[in-house]
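Chain by chain, the residues:
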Number of protein chains: 2
Amino acid sequence: MAKTGDRARTAAAPALSSLDFALDRASPVPLYYQLAQQLEAAIEHGVLAPGNLLGNEVDLSVRLGLSRPTVRQAIQSLVDKGLLVRRRGVGTQVVHSQVKRPLELSSLYDDLEEAGQGPTTQVVRHEVVPASCDVAAALGVAEGSEVTVLDRLRCTHGQPVALLCNYLPASLLDLDDARLESTGLYRMMRSAGITLHSARQRVSARAATAEEGARLDEEEGAALLTMQRTAYDDTGRPVEYGTHIYRASRYTFDFQLLVRP
Amino acid sequence: MAKTGDRARTAAAPALSSLDFALDRASPVPLYYQLAQQLEAAIEHGVLAPGNLLGNEVDLSVRLGLSRPTVRQAIQSLVDKGLLVRRRGVGTQVVHSQVKRPLELSSLYDDLEEAGQGPTTQVVRHEVVPASCDVAAALGVAEGSEVTVLDRLRCTHGQPVALLCNYLPASLLDLDDARLESTGLYRMMRSAGITLHSARQRVSARAATAEEGARLDEEEGAALLTMQRTAYDDTGRPVEYGTHIYRASRYTFDFQLLVRP
DNA sequence: CAGTGGTCTAGACCACTGT
DNA sequence: CAGTGGTCTAGACCACTGA
């Protein structure tokens, strides 16, 4: 096989062979990462056949002048992202369209990464108070110890969308209202050297109280989407606890799940 | 350093040195996986210090008679699960409690893996119909082509919890009501050779209609949690589209997010 | 400075798939 | 059967951390 003009190949595979990857060994960026980025870009731009094979790893490593483990590491990272699928005895394929974009762009992720980014956010309340029982439990601090409480109103297109109430250990961070409104809470934490590791979320729904209705421009009794979240440090220490209330008429959680093999 | 009785070490590290891992080279289970499982078990049972170091990779590989990449692969898989954290120049630590269990046990994951498992599920409707416009779009089939529609009522403790409405390409699968009620949809798909790869979800809320209220034993206008999901094959082909409605008073989505490094 | 994880190499054998 | 990915080895050098 693999004579000059094999039809089954030419239909889908020329993409990869004609692609040239620019690997810079002097760069501090790891080789496997450079390769992964360029493969991802090729997939994103549709240069790489969606659904068809991606040439075997050995050839690829020879062609690129890399070792096979390095190539595998690059491919594996894209498999983990859900962009590629490997089949033993068959090959590596690009996953069919549709499953590409929203992998990292779910609104949940947005909330984590760039809370307060796109839309406007207004700080309604910002003070240090003694921790109530449930807040203390969520943050893993003593009841009555100082915590920062933060109430924010988020709007898009001039319309209220959500009421965000957050608690943080007071010792953790200095918060500046102006930066909070422009930069967002998670960005501020990140630039303060706090690396987020995981978060626990609970999503439910309930009817709006009269006050919530007034603040969110909904009728009393309207359906609201609620979310409670506790976010953890990479040491497992809780760094934030929040209760968010969204107008169901103007907000949905969109996200993508990857099923572990 | 590392003299006989170093205090800083003895406080946390004896766990690992006294652990003996049983690696079976004859087993078809990969060595890295055997090691990962046993490390995970040690963490789960609290044998391994939460928050403290886990000895360096080189020593570990020598002690186990494995190569370092193999040991790294085991450790990496636990890092990906969020159980361990690596710090360059420092070491590998067990993440502090709290962030362990619910990683794979979120109710979202449950829904995916074992829909219809714990609680009882009753098939209310099960027929083949021509695809409506939105269903056809979600499943990537032609409008009017045959799809299986499935309405189920899920209960726990004798109380209704959710109305599940699902659509599948009719050609995909033979569904048996009895097995559906006992085994669950996703298990049936799996045993039919369909390997799930990813799913897209949209969660929101709205007020119950009179009919929904009657079926779910809620008042008309009560807040309901809604979820739409499209699940994809590992080729990216949509294999299921569903609309689920939950009683917010009896159901919440609980899940854990991991922040990619 | 010594110790750690992060990256990389150049091989090897095996298990599985499809023809 | 040939071709693929899956696993594994035994080294190497580097970048970073903390004392």
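Every chain is numbered on its own, with residues counted from 1 as its sequence reads. Labels are handed out in written order, letters beginning with A for the chains and numbers beginning with 1 for the ligands. Per-residue local features of the predicted model are confined to residues with pLDDT of at least 70, and side-chain atom pairs are confined, for both listing and counting, to 80 or more; whole-chain, interface and lining totals are unaffected and use all residues. Computation of side-chain values: all heavy atoms of the structure, hydrogens and water removed.

Colleague: Outline the protein's contact with DNA strand D, listing residues and values.
Modeller: The environment of DNA strand D is made up of 25 residues, and the closest members are Asn56(A), Gly89(A), Arg25(B), Leu31(B) and Thr70(B). Backbone atoms, meaning sugar and phosphate, form 71% of the atoms of DNA strand D found within 4 Å of the protein. A 3.5 Å cut-off defines polar contacts: any pair of N or O atoms within that distance qualifies, except that in protein one atom must be a possible hydrogen donor and the other a possible acceptor, and neighbouring residues in sequence count only when both atoms are side-chain atoms. Residue Arg86(A) places a side-chain N or O atom 3.0 Å away from a phosphate oxygen belonging to DNA strand D. In this structure, a base nitrogen belonging to DNA strand D sits 3.3 Å away from a side-chain N or O atom of Arg68(B). Those elements giving two or more residues to the surface near DNA strand D turn out to be helix 5 (68-81), strand 1 (84-87) and strand 2 (91-94) of chain A together with helix 3 (31-44) and helix 5 (68-81) of chain B. Helix and strand labels come from DSSP, where a helix needs a run of H or I of at least four residues and a strand needs a run of E of at least two; each type is numbered from the N terminus. Ranked by residue count, the leading element in the surface near DNA strand D is helix 5 of chain B, at three residues. For the surface near DNA strand D, the residue count by class is seven nonpolar, nine polar and nine charged. Any residue with a heavy atom lying within 4 Å of a molecule or strand is counted as near it. Residue polarity is assigned by list, with Asp, Glu, Lys and Arg as charged and Ala, Val, Leu, Ile, Met, Phe, Trp, Tyr, Cys and Pro as nonpolar; anything else, Gly included, falls into the polar class.

Colleague: Describe the pairing of strand 5 (residues 159-169) of chain B, with residues and values.
Modeller: All names here are of chain B. A simple rule labels every residue: compare its accessible area, found with a 1.4 Å probe on the protein chains alone, to the largest value its type can have, and call it buried under 20%, exposed over 50%, or partly exposed in between. Within strand 5, ten of the eleven residues are buried, which leaves it mostly tucked inside the rest of the structure. Two strands form a pair only when DSSP identifies at least two bridges running between them. Inspection of the sheet shows strand 4 (residues 146-156) paired to strand 5 by ten bridges, in the antiparallel sense. Paired with Leu150 across the bridge in strand 5 is Asn166. In this antiparallel pair of consecutive strands, strand 4 and strand 5, the connection spans two residues, and His157 shows a positive phi of 55°. Across six bridges, strand 5 lies against strand 8 (residues 238-247) in antiparallel orientation. Paired with Leu164 across the bridge in strand 8 is His244.

Colleague: An account of the relation of the copies chain A and chain B is needed here, citing residue identities and associated values.
Modeller: Here the copies are matched by least squares. The fit uses the C-alpha atoms of residues with pLDDT of at least 70 in both. Rotating chain A by 180° about the axis while translating it 0.0 Å along that axis superimposes it on chain B, leaving an RMSD of 0.1 Å. Look at the turn and shift together and you get a two-fold axis relating the two. Minimal C-alpha distance to the rotation axis in chain A is attained by Ala223(A), lying at 2.5 Å. Only heavy atoms enter the contact rule, under which two residues are in contact if any of them lie within 4.5 Å. By residue overlap, the copies meet face to face through one surface: 100% of the interface positions of chain A are interface positions in chain B.

Colleague: Quick one: what's the story with the packing of helix 3 (residues 31-44) of chain A against helix 5 of chain A, residue by residue and with numbers?
Modeller: Residues and elements named next belong to chain A. Remark: helix 3 packs on helix 5, axes separated minimally by 8 Å, with the N-to-C direction vectors making an angle of 50°. In terms of their interaxial angle, helix 3 and helix 5 are classed as oblique. Of the two elements, helix 3 crosses helix 5, and the hand of that crossing is right-handed. In contact with Leu31, Tyr32, Leu35, Ala36, Leu39, Glu40 and Ile43 of helix 3, helix 5 contributes Thr70, Val71, Gln73, Ala74, Ile75, Ser77, Leu78 and Lys81. Among the residues making up the contact of helix 3 with helix 5, the classes are represented as ten nonpolar, three polar and two charged. Every angle, taken between N-to-C directions, lies between 0 and 180 degrees, and every axis is a line fitted to C-alpha atoms, over only the stretch in contact when it is a helix. Working definition: roughly parallel below 35 degrees, roughly antiparallel above 145 degrees, roughly perpendicular at 65 to 115 degrees, and oblique for all remaining angles. Note: crossing handedness is left-handed where the near helix turns anticlockwise from the far helix by less than a right angle, and right-handed where it turns clockwise.

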